[in-house]
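Structural description and commentary
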Amino acid sequence: MKKRIILRGLAGIPIGISISYLITIFLSLGFGKGSYSPCVPELVDVAGNEINAVLIQILSSIILGAGFGMLSLIWEIDSWGIVKRTGIYFFGASLIMLPTAYFTFWMEHSVSGFLGYFGIFALIFAAVWIIQYTTGKRNVKILNNGLHNSNKDL
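The model shown is predicted, which means the values in this text are computed figures rather than measured ones.

Basis of the calculations
Residues numbered from 1 in each chain as written. Predicted model: local features only at pLDDT ≥ 70, side-chain atom pairs only at ≥ 80, totals over all residues. Heavy atoms only, no water. Patch = residues over 30% accessible without salt bridge, like charges linked within 9 Å, V, L, I, M, F, W, Y side chains within 5 Å. Areas by Shrake-Rupley, 256 points an atom, 1.4 Å probe, with all protein chains shown as cover. Salt bridge = Lys/Arg side-chain N within 4 Å of Asp/Glu carboxyl O. Helix = DSSP H or I, 4+ residues; strand = E, 2+ residues; numbered from the N terminus. Buried < 20%, exposed > 50% of the residue type's maximum accessible area, 1.4 Å probe, protein only. Contact = heavy atoms within 4.5 Å. Phe/Tyr/Trp six-rings, centres within 6.5 Å; stacked < 30°, edge-to-face > 60°.

**Observations concerning a nonpolar patch on the surface**
- A surface patch of nonpolar side chains, about 530 Å² in accessible area, is lined by Ile-15, Ile-19, Ile-23, Leu-27 and Phe-31.
- Within the fold, Ile-15 resides in helix 1 (residues 2–31).
- Taking the relative accessible area as the measure of exposure, Ile-15 reaches 52% and is therefore exposed.

**Things to note about the side chain of Ser-20**
- Residue position: Ser-20 is located in helix 1.
- With a relative accessible area of 12%, Ser-20 lands in the buried category.
- Not counting the four nearest positions on each side in its chain, Ser-20 is found in contact with Gln-57 and Ser-61.

**A look at the packing of aromatic side chains**
- Taken as a whole and assessed by the stated rule, the structure comprises nine aromatic pairs.
- Measuring from ring centre to ring centre gives 5.2 Å for Trp-75 and Tyr-89, while their planes differ by 45 degrees; the resulting arrangement is tilted. Residue Trp-75 is found in the loop between helix 3 (50–71) and helix 4 (82–103), and its partner Tyr-89 is found in helix 4; the two are separated by 14 residues along the sequence.
- Assessed through its relative accessible area of 11%, Tyr-89 is described here as buried.
- An aromatic cluster is defined as three or more aromatic residues linked by ring pairs; in this entry it consists of Phe-68, Trp-75, Tyr-89, Phe-90, Phe-114, Phe-118, Phe-121 and Phe-125.

Now the structure itself:
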């Protein structure tokens, strides 16, 4: 199990970096006024310069990718029900995401900033969960129908 956790974490690293990089591109397109902004100005101020800020953001993206990669193993624990897996995954994801977002200034450093970021995080989590659940349920139905039809042919 330890080997699977490590491998899943390592596989998550490039995914975390890629998603982070894509987010900076989309944010720059929306708010950059024609310029690329690799990270938020508050992080640059705290880090001392842009390259340090980018390095902090990359390290944060590595942590996020590895953490979410490792957490994905929770969905493979068949002895746990869907509610338990969802709750533990959400809790773990929150423990990874929220401090990282605070540290990298992806959220405003206030109670309202935290609550707003957490709300957006929870909405995105719920949307992805619903899509995954619906897709999985549909795939099971298709498989069951295929099994049912193949049994008729026997």
